[in-house]
Amino acid sequence: MMRINEPAEAWKYVRGFENLSLCDWPGLHSCIIFLGGCNLRCPTCHNGQLAWDMHTLPIIEPPRIKAYLRDRAGWLDGVTVTGGEPTTVPGLAGLLFEIRQSGLPVKLDTNGMRPDMVRELLSLGLVDVFAVDVKGPFAKYPALTGHAVSEIAARANLERIFGLAAARPEAFYFRTTQVPGLTEDDLATARGYLPPDFTLTIQKYVPPHTHVPPRRTQENAQPNHEERRPVGNVVN
Ligand code: SF4
């Protein structure tokens, strides 16, 4: 059973913060909290340092973030919690509980490989919206995730997520980053997995080591952690 009274450990995983994003949560002004650690090894990952080597990044002191949320809650519309993979963080529920003390809605980005955690967070009312990556056809998950996930596991985990989404459609949306090797047929296959009435947002992949930030268009207006990095530990 998830415990929500031990957030201290989770705050140690906060290794990035973005004060304001106008595109991460469509239609909302949100800030972004980046949590270190990930259960996958996607070769296309843009956040390798955060995902696999977070201890090389500084901890952001919780009081600074809490004060920011408290002081800006009047005009900020929400908080995005991303990674890495947030569902791998010990004490995540407690951290989300503390974030919610600000009164702001929470969006959580996830690769969908820990459906039990998603179900619990949903049932506890700690997350308003889950943005779930569907990385491609189940058969390509081993290649897409650095062989961290088998085809069978990808299918089992995402089908459980899809079941949750079918029951709570307002709480989920799905997206795919068109990384190298994913064809139009692959995107159609991934789209076909979704429950009825869901759409799959396709995001263009921007290769790492690009010094010019990707230009946001309507098509790629919802960056996921395959292209978004904690650009700085900015808290005023
Ligand atoms: S792309 Fe996302 S899921 Fe894949 S390794 Fe990077 S942080 Fe983890």
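As the structure is a computational prediction, the values presented were derived from the model and not from experiment.

Asks: Quick one: what's the story with the overall build of the protein chain, residue by residue and with numbers?
Replies: Scanning the protein chain for helices and strands turns up eight helices and seven strands. Counting every position in the protein chain, which comprises 236 residues, the buried fraction comes to 54%. Here the analysis covers contacts within the protein chain between residues at least 6 apart in sequence; of these, 71% occur between residues at least 24 apart. For the protein chain, the accessible surface area stands at approximately 10,600 Å², while carbon and sulfur atoms represent 54% of it.

Asks: Can you explain the sheet that holds strand 3 (residues 78-82)? Please cite residues and give values.
Replies: The strand order across the open sheet built from seven strands is 1-2-3-4-5-6-7, with neighbouring strands paired in mixed fashion. The strands lining the two open edges of the sheet, one partner per strand, are strand 1 (14-21) and strand 7 (200-204). For this sheet, the mean angle separating the axes of adjacent strands, direction not counted, is 20°. Two strands pair when backbone bridges link them, and strand 3 and strand 4 (residues 106-110) are joined in this way by three bridges, in the parallel orientation. Looking across to strand 4, one finds that Thr80 is bridged to Lys107. Along the sheet, helix 5 (residues 115-123) makes contact with strand 4, strand 5 (129-133) and strand 6 (172-178), crossing strand 5 at roughly 165°.

Asks: Outline unusual backbone geometry, supporting the account with residue identities and numerical values.
Replies: Geometrically, the link from Gly83 to Gly84 is a cis peptide bond, its omega value of 5° lying close to zero. Along the polypeptide, Gly84 turns up in the loop between strand 3 and helix 4 (92-100). Here His147, not a glycine, exhibits a phi torsion of approximately 60°, which is positive. The phi torsion at Asp197 lies on the positive side, around 75°, for a residue other than glycine.

Asks: A description of the pairing of strand 4 should follow, citing residues and the corresponding values.
Replies: Taking burial as the measure, the five residues of strand 4 include five buried ones, the bulk of the element. Burial along strand 4 is two-sided: Val106, Leu108 and Thr110 facing one way and Lys107 and Asp109 facing the other are all buried. Assessed by its sense of winding, the connection that carries the chain from strand 3 through helix 4 to strand 4 is right-handed. Strand direction decides the pairing type here: strand 4 and strand 5, joined by four bridges, are parallel.

Asks: Can you tell me about the confidence of the model for the protein chain, naming the residues and giving the values?
Replies: Residue-level pLDDT values for the protein chain average 88, and 85% of them are 70 or greater. Low pLDDT, under 50, characterises residues 210-224; the stretch is placed with 29 contacts to residues that sit more than four places away or in other chains.

Asks: How would you summarise the nonpolar core if you had to cite specific residues and measurements?
Replies: Core analysis: the biggest nonpolar cluster contains 59 residues, and Leu96, Phe172 and Phe174 have the highest contact counts within it. Once residues within four sequence positions are removed from consideration, Leu96 is found in contact with Val81, Val106, Leu108, Leu121, Leu126 and Val127.

Asks: I'd like a description of the environment of Ser30, backed by residues and values.
Replies: By the secondary structure assignment, Ser30 is in strand 2 (residues 30-35). The buried category is assigned to Ser30, whose relative accessible area is 0%. Put simply, Ser30 and Pro105 are 75 residues apart on the chain and 9.3 Å apart in space, counted from C-alpha to C-alpha. The contact partners of Ser30, leaving out residues within four places of it in the chain, are Asn19, Leu20, Ser21, Asp24, Trp25, Leu76, Gly78, Val79 and Thr80.

Asks: Could you give me a rundown of the packing of aromatic side chains, with the residues and numbers involved?
Replies: Applying the stated criterion across every chain, the model contains six aromatic pairs. Each ring, one from Phe130 and one from Phe172, has its centre 5.3 Å from the other, and the planes form 20°; the classification is stacked. One end of the pair, Phe130, is in strand 5; the other, Phe172, is in strand 6, with 42 residues separating them in the sequence. For the pair formed by Phe130 and Phe172, the shared burial category is buried. Taken together, a centroid distance of 5.3 Å and an interplanar angle of 70° make the contact between Phe174 and Phe198 edge-to-face. Placement of the pair is Phe174 in strand 6 and Phe198 in the loop between helix 8 (184-193) and strand 7, with a sequence separation of 24 residues. Here the two residues Phe174 and Phe198 agree in accessibility, since each one is buried. An aromatic cluster is built from Phe130, Phe162, Phe172, Phe174 and Phe198, whose rings are joined through pairwise contacts. Cation over ring: Arg41 sits above Trp52, and NZ or CZ is 4.4 Å from the ring centre.

Thresholds applied
Residues numbered from 1 in each chain as written. Predicted model: local features only at pLDDT ≥ 70, side-chain atom pairs only at ≥ 80, totals over all residues. Heavy atoms only, no water. Helix = DSSP H or I, 4+ residues; strand = E, 2+ residues; numbered from the N terminus. Buried < 20%, exposed > 50% of the residue type's maximum accessible area, 1.4 Å probe, protein only. Contact = heavy atoms within 4.5 Å. Areas by Shrake-Rupley, 256 points an atom, 1.4 Å probe, with all protein chains shown as cover. Pairing = 2+ DSSP bridges. Axes fitted to C-alpha atoms, helices over the stretch in contact; angles between N-to-C directions. Right-handed = clockwise from strand over helix to strand, strands pointing away. pLDDT = per-residue confidence, 0-100. Core = buried A, V, L, I, M, F, W, Y, C linked by side-chain atoms within 4.5 Å. Phe/Tyr/Trp six-rings, centres within 6.5 Å; stacked < 30°, edge-to-face > 60°. Lys NZ or Arg CZ within 6 Å of the ring centre and 35° of its normal.

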